[in-house]
There are 2 protein chains.
Amino acid sequence: MSQYVAPVRDMLFVMQELAGLAEVSALPGWEDAGAELAEAVLEEAGRFAGEVIAPLNVVGDREGSRLVDGKVAVPTGFAEAYHQFVEAGWGGISSPEAFGGQSLPQLLAKPVTEMWKSACLAFSLCPMLTQGALEALLHHGTPEQQNAYLAKLVSGEWTGTMNLTEPQAGSDLSAVRSRAMPEDDHYRIFGSKIFITWGEHDVTENIVHLVLARLPDAPAGVKGISLFVVPKYLLNADGTPGTRNDVQCVSLEHKLGIHGSPTAVLAFGESAGAIGYLVGEPNRGLEYMFTMMNHARLAVGLEGVAISERAYQQARDYARERVQGRALGHESAGPIIRHPDVRRMLMTMKSQAEAMRALAYVTAAYMDLAARHTDPAERARYQSRVELLTPVVKGWCTETAQEVASLGVQVHGGMGFIEETGAAQHLRDARITTIYEGTTGIQANDLLGRKTLREQGRTLLALIEEMRADTARVGALDGEAFRQLAAAQNVAIKELEGATRHLIDAASVDPQLAFAGAVPYLMLLGTVCGGWQMVRAAAAAQAHLAAGESAAFYRAKIDTALFYADHILPRAMTHAHVVRHGARATLALDESAF
Amino acid sequence: MSQYVAPVRDMLFVMQELAGLAEVSALPGWEDAGAELAEAVLEEAGRFAGEVIAPLNVVGDREGSRLVDGKVAVPTGFAEAYHQFVEAGWGGISSPEAFGGQSLPQLLAKPVTEMWKSACLAFSLCPMLTQGALEALLHHGTPEQQNAYLAKLVSGEWTGTMNLTEPQAGSDLSAVRSRAMPEDDHYRIFGSKIFITWGEHDVTENIVHLVLARLPDAPAGVKGISLFVVPKYLLNADGTPGTRNDVQCVSLEHKLGIHGSPTAVLAFGESAGAIGYLVGEPNRGLEYMFTMMNHARLAVGLEGVAISERAYQQARDYARERVQGRALGHESAGPIIRHPDVRRMLMTMKSQAEAMRALAYVTAAYMDLAARHTDPAERARYQSRVELLTPVVKGWCTETAQEVASLGVQVHGGMGFIEETGAAQHLRDARITTIYEGTTGIQANDLLGRKTLREQGRTLLALIEEMRADTARVGALDGEAFRQLAAAQNVAIKELEGATRHLIDAASVDPQLAFAGAVPYLMLLGTVCGGWQMVRAAAAAQAHLAAGESAAFYRAKIDTALFYADHILPRAMTHAHVVRHGARATLALDESAF
């Protein structure tokens, strides 16, 4: 089992050279959030992730969370580690200072999130869901609700959950049936919710459930769903947890991965009805959910980065240690990292992990710029970028993580199939990331429909122009490597632009033809954006090399970018081909002929 | 949990239209093995697979094989099903009649094997390993050894194992350390073997272990390994099992998948030494293993086909039943198969499963032609084809199965991640297939080194010419679909030829440059061969349509071929690009920079 070592230097490189940490720390209120603070935060978080959280990963997988006599037993060490996490203040690093948080920019918070997720994905979901509940109340709660819950959620003393899914309502939340009956100043909630992450446990003294349900007079469909806050323990007058609310954990799911995380079926209102309080206005619950979706989806996209990083570290460490066979050009048996195909697998993992991280952090920085840029026009421009790139980070990073985690198993050979090795857990854990918080298909429909077609590709075409300008700058640098990188990137950008224009045209003829290509289009955009970041990384590395700095690190950045250009970027051709030519074949077969 | 229904009509279509069943049944001794027998065998095998074996799949996964007090307990129902399997005579359908088999051609036997593997991969490994032991003795055993063991192995009354791997000797068998000390007419075997599939159980009254070990005076490396037969129970004078031999199951592995199959660590010679008998000549054990490798590797390639088929059936059934959301162009909520991206996923699964099956069965037919063609030159030509295509079927089908099984999970959404759904098991089970019987990297090195470079691509370039001729015939058919299919296939063939010539040139400069592209090259060849078969399938379907037959089935074959051409075949461009341009980037990074 390999150790997790947070890739602090790689992270700082992306933050400073690609995501514009200097620009973010020039925004109002973030003057202290510069390189020095970033380094300090990442070093400390890396230590905590490696020493406290990472050892939970295997334990959580083996023991799992279990439901015993109606109580959820979390795996050994989870509760203790969570309490340390709260004490150290990690829960609230990007939350408002008004409620006890540190208000750090997303560009600092997201790398820290990546570390938790690399260290133990199942554990990381608890603070992540808490963050979701926190934001729901922060943006839409009454002052009383905020006073009652926010400080506890920011500190992590209480955890939060998001109760959306029901058996008949998964991707399609319009089918939600849970009911909320008005009573005095509150509502009585009745219904069954499934797939509730960290839905029940005794790690903290209370759990704050955010629940979608329908009012008696609500219109059908998506416009009749309201949002409620339903604490596990109702609050006493002094704000402390009091009476147990009518919400019960009926069962925990037996899952492929993330065993440590209790995925609960929750029954609301088995007796008198769970007491809940309306959040915001009636019938706007789904809209409120969507306002929080960028954060949650970006966080799941980071899970793709995080598992890829962890799987890569484990495979690399094994490949350095495992002696097997004499590689070409070597005199005797040696570590398998010498075999060309093992190198190919490791580089495929490494280059994509780096490209994904870069795009995710750049998107995080856009969030910060959208939040605090002094020019409202720039705020709007960055917000459009965030809206556009969020489904890409979510969909592309998690799909790519499937490939990376699977290669991680492959590098181990037969040992990869043995659970004790640990490589297989990454593959199992990764498998949920393309599904929850909106499947890849949902992300792709969002990207194509709301983010592209609705505005005739305006934001995207502007992004393409920025990619072209960046690529031209890199191509003008001295050296064959840069000419090659720019040439490959320009081919890919051209494919992307062609596919975009094709989809805009196709949608005007028949939307089905466009949407049949939505997922390949998402993968195309992710691949090309990844290439864009790798080209920028190579140029940044070259500047350091030219200044005579630490050659090995920066030389590797250029070599990794070249690998991405030669091995990964050509996939853009295939994706674009499928987008342009594949729709009719997708739709051709009669349903009965499958 | 979906039922498994053997795709008998699809199988017969491939056997008759693409693999040349008529040609095979014209070979000496196989005159009865025509369409009528094929249909009867497949119907009966399909029934047995669906009714007797398929129900074991979930049970085997949940219970697993367990080691209790030194004995292996196989999952509930496995032993009974195995005894039925033996009674029905399925074990020996392609084994020689002289030892009680039916001597059916591979073209009939392999579809039956596919069914066992779709129904329950873990179960199917027991007869598969028995087949390996059987062939070792059939080709290299003394008459006495053959008389002692073959009839029992053919019937399946005894099972067989292959003992190759040791902790330090996986892909590199030259590192085998197990020792064989001569004593009277036998040897005493000492050593530890790992990853021994069905290495211990009480389902049958004896187990016949085939074991690689070194004689005291053996040369180092691959040329000093001998093959021994080591029965679990030594045989009495009358041939019945007698004294327990000195071989013990020390532990069973805790694996990602195929839980039902006991993967044993076997200790030979913990006391006086396990009694073994030399098979063939000393020091030629590895060579003997290689003579059996085509069968075993083709069988594992079929596992890729089989799991893809099973995963597809399950995803398709779910997509037809699960109602969620209103699809574009529909008035109300309906089954998710109506969503364009669900169709895209199902077609990606279906088209590749069909392409893989076709190439595997065509290769099986080549085996039959290589065995019994009346013209020795033709026998040699087909044998070269078998040698060339075996690593492709093994590598490409199992790698593709990872994608197909993963899509199977994705189609299920959140339910796919829940173990009870069954989709996740296919993904877990599939994961071993790219590893055992030689990893994809090993297959690719075999394809590139032994099968291509060693003869300057002679067999492969001839195959390319055959593909071109077939494609030209299809392109000349009446209809836009055939023009499109041929055009796409010709582009892919050109990429394949270019990549082949590039590798031959690169190897003459620096073999490392060529071998860095070995796996992408294998995937390129598999993808293009798959397209070749799909083009042929479309043409065969068209002939039936023109004759006015069952339109839906044959129309679907053409639509599926078009999907393959538009969605899968373009990957050839990417693979070829990587082969031609990717080697330097693969080899560039310093080992310390990973």
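Residues numbered from 1 in each chain as written. Chains lettered and ligands numbered in written order. Predicted model: local features only at pLDDT ≥ 70, side-chain atom pairs only at ≥ 80, totals over all residues. Heavy atoms only, no water.

A. Geometry of the overall build of chain A. A count of helices and strands for chain A gives 20 helices and 12 strands. For a compact globule of 594 residues, the expected C-alpha radius of gyration is about 25 Å, and chain A comes in at 24 Å, within 12% of that figure. Principal axes of the C-alpha set define a box for chain A whose edges measure 75 × 60 × 55 Å. Across the 594 residues of chain A, 65% fall into the buried class. If you take every contact in chain A between residues at least 6 apart in sequence, the share linking residues at least 24 apart comes to 75%. Carbon and sulfur atoms make up 51% of the accessible area of chain A, which amounts to about 20000 Å² in all. (Helix = DSSP H or I, 4+ residues; strand = E, 2+ residues; numbered from the N terminus. Rg over C-alpha atoms; globule rule 2.2 N^0.38 Å. Buried < 20%, exposed > 50% of the residue type's maximum accessible area, 1.4 Å probe, protein only. Contact = heavy atoms within 4.5 Å. Areas by Shrake-Rupley, 256 points an atom, 1.4 Å probe, with all protein chains shown as cover.)

B. Structural view of the interface of chain B and chain A. The interface of chain B with chain A comprises 81 residues on the first partner and 82 residues on the second. For the pair chain B and chain A, the two sides together bury roughly 7200 Å², of which 62% comes from carbon and sulfur. Looking at the side of chain B facing chain A, the largest losses of area belong to Arg-343, Phe-417 and Phe-594 of chain B, adding up to 13% of the total buried there. Counting across the interface, chain B meets chain A through two salt bridges. Measuring nitrogen to oxygen at the nearest pair gives 4.0 Å for the salt bridge that ties Arg-338 of chain A to Glu-591 of chain B. Along the lines of polarity and charge, the residues of the side of chain B that touches chain A split into 36 nonpolar, 24 polar and 21 charged. (Buried area = accessible area lost by both parts, 1.4 Å probe. Salt bridge = Lys/Arg side-chain N within 4 Å of Asp/Glu carboxyl O. Nonpolar A, V, L, I, M, F, W, Y, C, P; charged D, E, K, R; others polar.)

C. Geometry of the relation of the copies chain B and chain A. Laying chain B over chain A is done by rotating through 180° and shifting 0.0 Å along the axis; what remains is an RMSD of 0.0 Å. The superposition of one copy onto the other is thereby described by a two-fold rotation axis. Of the C-alpha atoms belonging to chain B, the one lying closest to the rotation axis is found on Thr-574 of chain B, 3.4 Å away. Looking at chain B, 100% of its interface residues are interface residues in chain A too, so the copies touch through the same face. (Least-squares fit on C-alpha atoms with pLDDT ≥ 70 in both.)

D. Just the packing of aromatic side chains, in detail. Evaluation of the coordinates by the stated rule reveals 32 aromatic pairs over all chains. Their ring planes at 65° and their centres at 5.1 Å tell us that Tyr-187 of chain B and Phe-228 of chain B sit as a pair that is edge-to-face. Remark: Phe-228 of chain B occurs in strand E7 (residues 226–231) and Tyr-187 of chain B occurs in strand E5 (residues 186–197); sequence separation between them is 41 residues. Considered together, Tyr-187 of chain B and Phe-228 of chain B belong to a single accessibility category, that of buried residues. Taking the centre distance of 5.1 Å and the plane angle of 85° together, the rings of Phe-553 of chain B and Tyr-554 of chain B count as edge-to-face. In this structure Phe-553 of chain B comes out as buried when scored by relative accessible area, which is 16%. In this structure an aromatic cluster arises from ring pairing among Phe-48, Phe-78, Tyr-82, Phe-85, Trp-90, Trp-116, Phe-123 and Trp-198 of chain A. Above the face of the Tyr-233 of chain A ring, Arg-244 of chain A is positioned so that its terminal group lies 5.5 Å from the ring centre. (Phe/Tyr/Trp six-rings, centres within 6.5 Å; stacked < 30°, edge-to-face > 60°. Lys NZ or Arg CZ within 6 Å of the ring centre and 35° of its normal.)

E. Spatial organisation of helix H3 (residues 35–53) of chain B. Residue and element names in this part refer to chain B. Here H3 contains 19 residues, and its C-alpha end-to-end distance of 25 Å stays within 8% of the 27 Å for a straight helix at 1.5 Å per residue. When we look at burial in H3, the residues that qualify are Ala-38, Val-41, Leu-42, Ala-45, Gly-46, Phe-48, Ala-49, Gly-50, Val-52 and Ile-53. As for H3, its buried residues are in contact with helix H1 (8–18), helix H2 (21–24), helix H4 (56–63), helix H5 (78–87), helix H6 (106–119) and helix H7 (121–140). (Expected span 1.5 Å × (residues − 1).)

F. View of the pairing of strand E7 (residues 226–231) of chain A. All names here are of chain A. Counting buried positions along E7 yields six of six residues, so the element is predominantly enclosed. Going residue by residue along E7, you find Ser-226, Phe-228 and Val-230 tucked away on one face and Leu-227, Val-229 and Pro-231 tucked away on the opposite face as well. Across six bridges, the pairing between strand E6 (residues 207–213) and E7 is antiparallel. Opposite Leu-212, over in E7, you have Leu-227 as the bridge partner. Strand direction decides the pairing type here: E7 and strand E12 (residues 274–279), joined by three bridges, are antiparallel. Across the sheet, Val-229 pairs through a bridge with Tyr-277, a residue of E12. (Pairing = 2+ DSSP bridges.)

G. Highlighting the environment of Gly-438 of chain B. Residue and element names in this part refer to chain B. The topology assignment puts Gly-438 in the loop between helix H12 (423–430) and helix H13 (440–450). A residue is classified by how much of its surface remains accessible, and Gly-438, at 19% relative accessible area, is buried. Separated by 47 residues in sequence, Gly-438 and Pro-391 have C-alpha atoms that sit 9.2 Å apart.

H. How the structure looks around the pattern of salt bridges. Residue and element names in this part refer to chain B. For the structure shown, the criterion picks out 69 salt bridges over all chains. Residues Lys-350 and Glu-354 are paired through a salt bridge, measuring 3.0 Å at the closest nitrogen-oxygen approach. Within this pair, Lys-350 and its partner Glu-354 are both found in helix H10 (residues 340–372), separated by four residues, close to a single helical turn. By relative accessible area, Lys-350 is classed as buried at 8%. Three or more residues are tied together by salt bridges with common partners; here these are Lys-71, Glu-200, Asp-202, Lys-232 and Arg-244.

I. Examining the domain arrangement of chain A more closely. What the domain assignment lists for chain A is domain 1 (8–155), domain 2 (159–287) and domain 3 (447–594). On a C-alpha basis, the centroid separation for the pair domain 2 of chain A and domain 3 of chain A is 41 Å. (Domains from an automatic or database assignment.)

J. The arrangement of the UniProt feature "domain: Acetyl-CoA dehydrogenase-like C-terminal" (unreviewed entry) in chain A in detail. Per the UniProt entry, the sites bearing "domain: Acetyl-CoA dehydrogenase-like C-terminal" (unreviewed entry) are residues 464–590 of chain A in this numbering. The straight-line gap between the two end C-alpha atoms of residues 464–590 of chain A is 38 Å; of that span, 87% is helix and 0% is strand. (UniProt positions renumbered as here; feature names shortened; annotations may be inferred.)

K. Region of interest: the side chain of Asp-429 of chain A. Residues and elements named next belong to chain A. Residue position: Asp-429 is located in helix H12 (residues 423–430). For the buried Asp-429, no salt bridge is present, and the opposite-charge side chain at shortest range is Arg-428, 4.8 Å distant. One polar contact links the side chain of Asp-429 to the main-chain amide nitrogen of Ile-258, over a distance of 2.7 Å. Excluding residues that lie within four positions of it along the chain, Asp-429 makes contacts with Asn-57, Leu-121, Gly-257, Ile-258 and Ile-307. (Lys, Arg positive; Asp, Glu negative; His and termini not counted. Polar contact = N/O pair within 3.5 Å; in protein donor to acceptor, adjacent residues only side chain to side chain.)

L. Just the packing of helix H14 (residues 458–475) of chain B against helix H15 (residues 480–509) of chain B, in detail. All names here are of chain B. Taken N-terminus to C-terminus, the directions of H14 and H15 make an angle of 165°; their axes are 9 Å apart at the nearest point. Put simply, H14 runs roughly antiparallel to H15. Judged by the sense of rotation from one axis to the other, the crossing of H14 with H15 is left-handed. Listed contacts from H15 to Leu-460, Leu-461, Ile-464, Met-467, Arg-468, Thr-471, Val-474 and Gly-475 of H14 are Phe-482, Arg-483, Ala-486, Gln-489, Asn-490, Ile-493, Lys-494, Leu-496, Glu-497, Thr-500 and Arg-501. Class assignment of the residues belonging to the contact of H14 with H15 gives a composition of nine nonpolar, five polar and five charged. (Axes fitted to C-alpha atoms, helices over the stretch in contact; angles between N-to-C directions. Parallel < 35°, antiparallel > 145°, perpendicular 65-115°, else oblique. Left-handed = near helix turned anticlockwise from the far one by under 90°.)

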